[in-house]
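Results of the structural survey
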Amino acid sequence: MLILHGGKRSPFVRRVAIWLALQDRAFERRPVELFGADFERFRAHNPLSRVPVLTTPDGDLIETYAIIDYLETTAEPAYRLLPEPGPQRIACQQVIALAHAVAEKGVAFVYETERRPPDLVWPDWVTRLRSQLEEGLAALETQTPATAWFGGTHPNGADAAVVATVDFLGTVAGLTDPATMPRLLALSGRSRALPAFATTHPQA
Ligand SMILES: N[C@@H](CCC(=O)N[C@@H](CS)C(=O)NCC(=O)O)C(=O)O
């Protein structure tokens, strides 16, 4: 049985969870308290004590892109969520890369505004993160389909990555302006009809 380590709020853990579910794989979910009791214990799975980690018959895997590579490599072709090598795959991976980069900036924003002692917050850094998030989301918004999925009639890896990022940013009070991201919010809304997305939602 595959074991996915990490909590529901992490956009990276959620991307892997959505991917596993869309591939119809059985897996166990194990939350980790990285900023608490589990920090030292978890080094046994990842020397950096970060999530996601996927425990597989081939060992513990770290870093989202490498975990996804494993899932794609070991899936039957009908269950793969990336297009075959070629221009469509490159385009799909670029959407995933943009969603990943936006998620990284969102995580940095959360650490700066929720974890750092208030008197040590660096306002210029917060302003820079906000502008990077705005620009990144604007770029994602223009690429998002008005109906259906990045994958066409079925969600693919880009849908998993974009929805994970958008829903994560939605957990940060006042960070996003719904008026600027109608397609992204509609995609997220459509995704809730599918168990792979609904059961892994940060608020599920
Ligand atoms: N590059 C990593 C990023 C993972 C990451 O930032 N995970 C966060 C949770 S959302 C974490 O483990 N943070 C704890 C830390 O960095 O110390 C990936 O793609 O998997």
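Model, not experiment: these values are computed from the prediction.

A count of helical and extended segments in the chain gives seven helices and four strands. Tracing the chain from N to C terminus, the helices and strands come up as β-α-β-β-β-α-α-α-α-α-α. By the compact-globule yardstick of 17 Å for 204 residues, the chain fits well, its C-alpha radius of gyration being 17 Å. Dimensions of the chain, computed from C-alpha atoms along their principal axes, come out at roughly 50 × 45 × 30 Å.

Our focus in this paragraph is the domain arrangement of the chain. On domain assignment, one finds that the chain holds domain 1 (2-79) and domain 2 (87-195). Each of domain 1 and domain 2 has a C-alpha centre, and these two points are 20 Å apart. Between domain 1 and domain 2, the residue contacts involve 10 residues of the former and 11 residues of the latter. Looking at the side of domain 1 that touches domain 2, the element that brings in the most residues is helix 1 (residues 11-22), giving eight residues. When grouped by side-chain class, the residues that make up the side of domain 1 that touches domain 2 number seven nonpolar, no polar and three charged.

Another point: unusual backbone geometry. Each neighbour pair has its own omega, and for Val 51 with Pro 52 the value is 5 degrees, a cis peptide bond. For Pro 52, the position within the fold is in the loop between strand 2 (27-30) and strand 3 (53-56). One non-glycine residue, Ala 148, lies in the positive phi region at around 55 degrees. Given 13 C-beta atoms within a 10 Å radius, Ala 148 is considered partly exposed.

Taken together, the residues surrounding the ligand are Ser 10, Phe 12, Leu 34, Arg 50, Val 51, Pro 52, Glu 63, Thr 64 and Val 107. Of the residues in the shell around the ligand, the class split is five nonpolar, two polar and two charged.

The next subject is helix 3 (residues 87-115). Counted at 1.5 Å a residue, the expected span for helix 3 with its 29 residues is 42 Å, and the 41 Å between its end C-alpha atoms agrees. What helix 3 keeps buried is the set Cys 92, Val 95, Ile 96, Ala 99, Val 102, Ala 103, Lys 105, Gly 106 and Phe 109. Where the residues of helix 3 are buried, they touch helix 1, helix 4 (123-143) and helix 5 (157-169).

For the rest of this paragraph, the subject is the packing of helix 1 against helix 5. Contact geometry of helix 1 with helix 5 gives a least axis separation of 9 Å together with a crossing angle of 140 degrees. For the element pair helix 1 / helix 5, the angle class is oblique. Handedness of the crossing formed by helix 1 with helix 5: right-handed. In contact with Pro 11, Arg 14, Arg 15, Ile 18, Trp 19 and Leu 22 of helix 1, helix 5 contributes Gly 157, Ala 160, Ala 161, Ala 164, Thr 165 and Phe 168. Each residue belonging to the contact of helix 1 with helix 5 can be placed in one class, and the counts come to eight nonpolar, two polar and two charged.

The subject of this paragraph is the sheet that holds strand 3. Strand order in the open sheet formed by four strands is 2-1-3-4, and the pairing between neighbours is mixed. In this open sheet, the two strands that pair with only one neighbour each are strand 2 and strand 4 (59-62). Averaged over neighbouring strand pairs, the angle between their axes works out to 20 degrees when direction is ignored. Where strand 1 (residues 2-5) meets strand 2, four bridges bridge the pair, whose relative direction is parallel. Following the sheet pairing, Leu 4 is matched in strand 2 by Arg 29. Of the strands in this sheet, strand 1, strand 2 and strand 3 are in contact with helix 1, which crosses strand 1 at around 155 degrees. The sheet strands contacting helix 2 (residues 64-74) are strand 3 and strand 4, and the helix crosses strand 4 at an angle near 125 degrees.

Cut-offs used in this document
Residues numbered from 1 in each chain as written. Predicted model: local features only at pLDDT ≥ 70, side-chain atom pairs only at ≥ 80, totals over all residues. Helix = DSSP H or I, 4+ residues; strand = E, 2+ residues; numbered from the N terminus. Rg over C-alpha atoms; globule rule 2.2 N^0.38 Å. Domains from an automatic or database assignment. Contact = placed C-beta atoms within 7 Å. Nonpolar A, V, L, I, M, F, W, Y, C, P; charged D, E, K, R; others polar. Buried ≥ 20, exposed ≤ 12 C-beta atoms within 10 Å, placed from the backbone. Near = placed C-beta within 6 Å. Expected span 1.5 Å × (residues − 1). Axes fitted to C-alpha atoms, helices over the stretch in contact; angles between N-to-C directions. Parallel < 35°, antiparallel > 145°, perpendicular 65-115°, else oblique. Left-handed = near helix turned anticlockwise from the far one by under 90°. Pairing = 2+ DSSP bridges.

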